[in-house]
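Coordinate inspection notes
Each chain, written out:
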Amino acid sequence: MASHPRLREVLARALDNGLPVGAGAARLLRGNHDVIAQCEEFFARWLAPASAGVTELKCLLTSSGYQANYLLLSSLPQRGDIILYDANVHASMRDGIRASAAKSFHFRHNDLGDLQRLIAQNKNSEQIFILTESLFSMDGDFADITALHDLAIQHNAILIADEAHATGIYGPTGKGLCENIPRTHLITIHTGGKAFGAAGGIIAARADIIDYLINIARPFIFATAPMPVLALALQTAAQILDEETWRREKLLQICKSFRREMGDGRVENNNISPLPSPIYPLVLGTDAKALEASQKLQTAGYDIRAIRPPTVPENTARLRISLNISHTPEMLDELLALLKTI
Ligand SMILES: Cc1ncc(COP(=O)(O)O)c(C=O)c1O
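Residues numbered from 1 in each chain as written. Predicted model: local features only at pLDDT ≥ 70, side-chain atom pairs only at ≥ 80, totals over all residues.

1. Remarks on the overall build of the protein chain
Within the protein chain, the secondary structure is distributed over 12 helices and 10 strands. Expected size for 342 residues packed as a compact globule is a radius of gyration near 20 Å; at 20 Å, the protein chain falls within 12% of this value. In terms of its C-alpha atoms, the protein chain occupies a principal-axis envelope of roughly 60 × 55 × 35 Å. In the protein chain, buried positions account for 45% of the 342 residues. (Helix = DSSP H or I, 4+ residues; strand = E, 2+ residues; numbered from the N terminus. Rg over C-alpha atoms; globule rule 2.2 N^0.38 Å. Buried ≥ 20, exposed ≤ 12 C-beta atoms within 10 Å, placed from the backbone.)

2. So, the sheet that holds strand β9 (residues 305-307)
Strand pairing in a sheet takes place through backbone hydrogen bonds and is either antiparallel or parallel in direction. Here three strands make up an open sheet; going across it, the order is β8-β10-β9 and the pairing antiparallel. Both outer strands of the open sheet, β8 (279-285) and β9, are each paired with one neighbouring strand and no more. For this sheet, the mean angle separating the axes of adjacent strands, direction not counted, is 35°. Relative to the sheet, helix α11 (residues 287-299) contacts β8, β9 and β10 (317-322), its axis offset from that of β10 by approximately 35°. (Pairing = 2+ DSSP bridges. Axes fitted to C-alpha atoms, helices over the stretch in contact; angles between N-to-C directions. Contact = placed C-beta atoms within 7 Å.)

3. Description of the site of the ligand
The full set close to the ligand counts 15 residues, and Ser-64, Gly-65, Tyr-66, Ser-137 and Ala-164 are the nearest of them. With three residues, the top contributor of residues to the shell around the ligand is helix α3 (residues 65-75). In terms of residue class, the shell around the ligand is made up of three nonpolar, 10 polar and two charged. (Near = placed C-beta within 6 Å. Nonpolar A, V, L, I, M, F, W, Y, C, P; charged D, E, K, R; others polar.)

And the structure:
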């Protein structure tokens, strides 16, 4: 998507027609350009559950996914609240948690029993927040969103799901793994830097939560608004993905056949899921092994990186294979042969 001709053309034309490159100020001052507001309205419709009569959904655009997570978590949970987060959530969530006045505990990766134990221990807190990624960025496995959402409803908690790696790919029409779940007990984070081929972040939540963030969140109030062209890029990318459904169908096909050849590549507590994932972790253990393997692959022309602690737990250094639709069957066959030699 990053080099999609229509995406380039729409942005180039908008700039030619006078769209300013920079927003010029914070949103609450002069930085609130029409294209930004239109983009947020577009995504509120794009992400709205299909069923009628659901709670109003609003969106907030940020300059990056990191900012979206940081902004939300540093601002919404209050002293007296409790944040329960999956041990494998992204650094941007962790940094937001650190900046929050709420207490926090992690639960074992994808372990609902451990989460329930923590909920029981903290049932007297004002508000419980449960944090997860829907598709985990380093293990390529999935959270059980339905079960987490059920738990959130049961305990009147709020589930915050980072859909960075799922938006544009999963869900009945590619809106992510939370597609069609009302936002009464759910907030979702979407990033523009992955399937959309651009950058930026979107927080999708109940209108009262978004309005609260607009009034309170310092990373929103005291930052220059996102570049107007970014808002245009995200909206256009979503429209293209809606039209070109073959993209996600092809990607999932590639993931399926790769996984068939490689095995399910599971690491500890990696959710057994029928869904194929474009992130394939090949855990090799030591840093040295992972580095040596990635160098071999890079010499052969495969841009596969070694991911090492602290990004992943000790002794789980790995190759992170990331599949996309430009990968041909021939490339993947050659890669599989190379991986066998490793
Ligand atoms: C799960 C997850 N959340 C958030 C982010 C941050 O998004 P961005 O790169 O747009 O800042 C990333 C990675 O970049 C990610 O993998």
